[in-house]
Amino acid sequence: MRGRAPIRGVLFDKDGTLFSFRDSWADWTAEVIDELAGGDAGLAARLDRAIGFDRRRGDFAPDSAVIAGTSQTAAHLLAPHLGRDRDGLARFLDARALQATMRPAVPLGPLMARLRGAGLVLGVATNDTEAAATRHLVAAGVAEAFSIVLGYDSVPAPKPAPDMPRAFAAACGLSVEAVVMVGDSAHDLVAGRQAGMRTVAVLTGIATGDDLRPLADAVLPDIGHLPDWLGLPPEPARFADC
């Protein structure tokens, strides 16, 4: 990072970055597919295939469009099998996403406190809705760490368009050169790069390091490695009170 503007802001993707993608969404996906299929096992299997979901493994195909897509993406793939209106189906998926239980990729509270303590401005940019993202952050006890939370419904175009990264920088009074976009998918990294930001990939989603390395300034196992990458000083020693 030498010779470049000091980083003053960190913009996180949510699913697969702050929260483990598989651990957070596999069970939810199976439940929602079963609900949509209404007990028809054959239909459920077709819906699984349509979105690239393997319920036996609790995993998603690497090229599944729903990994980094919006509810509209999923609705477009599912609606032909259900005979349902796509917009109505997307609204149903958005409502059900509010009920999803997120599994943090790392302990989020201490990490966000350390980043904020270093003077960094934090934000979230997700292709989930703003309401669902906010609810998930509240449930994880870290909502107050973020200056702004942006969903696909917060801006004209979702990732990989650069609208969310640019909106974060503008809202927080930061130059895009002073922000790093952190994500687990090509959508995240392309959005950050198109906005003029540095990009860091993490491997707590579905994509591999080989997938993401061409788009990233660094590839980290998870966001817990960010302080070292940012060059933050070691955490102060903690002494127990008597």
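Each remark here, short or long, concerns the structure printed above.
Summary of the structure given here. What you are looking at is a predicted structure, and each value in this text was computed from that prediction instead of being measured.

### Remarks on the layout of surface pockets
And then number 1: Space inside the largest pocket adds up to approximately 200 Å³.
And then number 2: Along the walls of the largest pocket sit 14 residues, with Pro62, Ile67, Ser185, Ala186 and Ala207 positioned nearest its centre.
And then number 3: Elements with a contribution of two residues or more to the lining of the largest pocket: α8 (186-195) and α9 (209-212).
And then number 4: Each residue belonging to the lining of the largest pocket can be placed in one class, and the counts come to eight nonpolar, four polar and two charged.
And then number 5: Of the volumes computed, that of the second largest pocket is approximately 150 Å³.
And then number 6: Lining of the second largest pocket is provided by Asp23, Ser24, Asp27, Trp28, Glu31, Arg96, Gln99, Ala100, Thr101 and Arg103.
And then number 7: At five residues, the largest contribution of residues to the lining of the second largest pocket is made by helix α1 (residues 21-37).
And then number 8: Classifying every residue of the lining of the second largest pocket by side-chain character gives two nonpolar, three polar and five charged.

### Brief notes about the pairing of strand β4 (residues 121-125)
And then number 1: Most of β4 sits out of view: four of its five residues are buried.
And then number 2: Looking at chain direction, strand β1 (residues 9-12) and β4 are connected through four bridges and run parallel. If you follow Phe12 over to β4, its bridge partner there is Val124.
And then number 3: Note that β4 and strand β5 (residues 148-150) share three bridges and pair parallel. Bridging across to β5, Ala125 finds its partner in Leu150.
And then number 4: Crossover connection from β4 via helix α6 (residues 130-139) to parallel β5: handedness right-handed.

### Examining the nonpolar core
And then number 1: Residues Phe12, Leu18, Met112, Phe146, Ile223 and Leu226 are the most contacted members of the largest nonpolar core, which totals 61 residues.
And then number 2: Ranked by residues supplied to this core, first place goes to α1 with nine residues.
And then number 3: Filtering out sequence-adjacent residues up to four positions away, Leu18 remains in contact with Phe12, Asp13, Pro104, Ala105, Leu108, Met112, Val124, Leu137, Phe146 and Ile223.
And then number 4: Residues Ala125, Leu174, Val176 and Met197 belong to the second largest nonpolar core, which totals 13 residues.

### A look at the packing of aromatic side chains
And then number 1: According to the stated counting rule, one finds four aromatic pairs in the structure shown.
And then number 2: Taken together, a centroid distance of 6.2 Å and an interplanar angle of 85 degrees make the contact between Phe12 and Phe146 edge-to-face. Of this pair, Phe12 sits in strand β1 while Phe146 sits in the loop between α6 and β5; the two residues are 134 residues apart in sequence, bridging distant segments of the chain.
And then number 3: On the basis of relative accessible area, Phe146 is assigned to the buried category, the value being 7%.
And then number 4: By the ring-pair criterion, three or more aromatic residues cluster together here, those being Phe21, Phe53 and Phe60.

Rules used in this analysis
- Residues numbered from 1 in each chain as written.
- Predicted model: local features only at pLDDT ≥ 70, side-chain atom pairs only at ≥ 80, totals over all residues.
- Heavy atoms only, no water.
- 1 Å grid on protein atoms, 1.4 Å probe; cavity = no way out; pocket = protein on both sides within 12 Å on 5 of 7 lines; lining within 4 Å.
- Points joined across faces, edges and corners; volume = space filled by probe spheres on them.
- Helix = DSSP H or I, 4+ residues; strand = E, 2+ residues; numbered from the N terminus.
- Nonpolar A, V, L, I, M, F, W, Y, C, P; charged D, E, K, R; others polar.
- Buried < 20%, exposed > 50% of the residue type's maximum accessible area, 1.4 Å probe, protein only.
- Pairing = 2+ DSSP bridges.
- Right-handed = clockwise from strand over helix to strand, strands pointing away.
- Core = buried A, V, L, I, M, F, W, Y, C linked by side-chain atoms within 4.5 Å.
- Contact = heavy atoms within 4.5 Å.
- Phe/Tyr/Trp six-rings, centres within 6.5 Å; stacked < 30°, edge-to-face > 60°.

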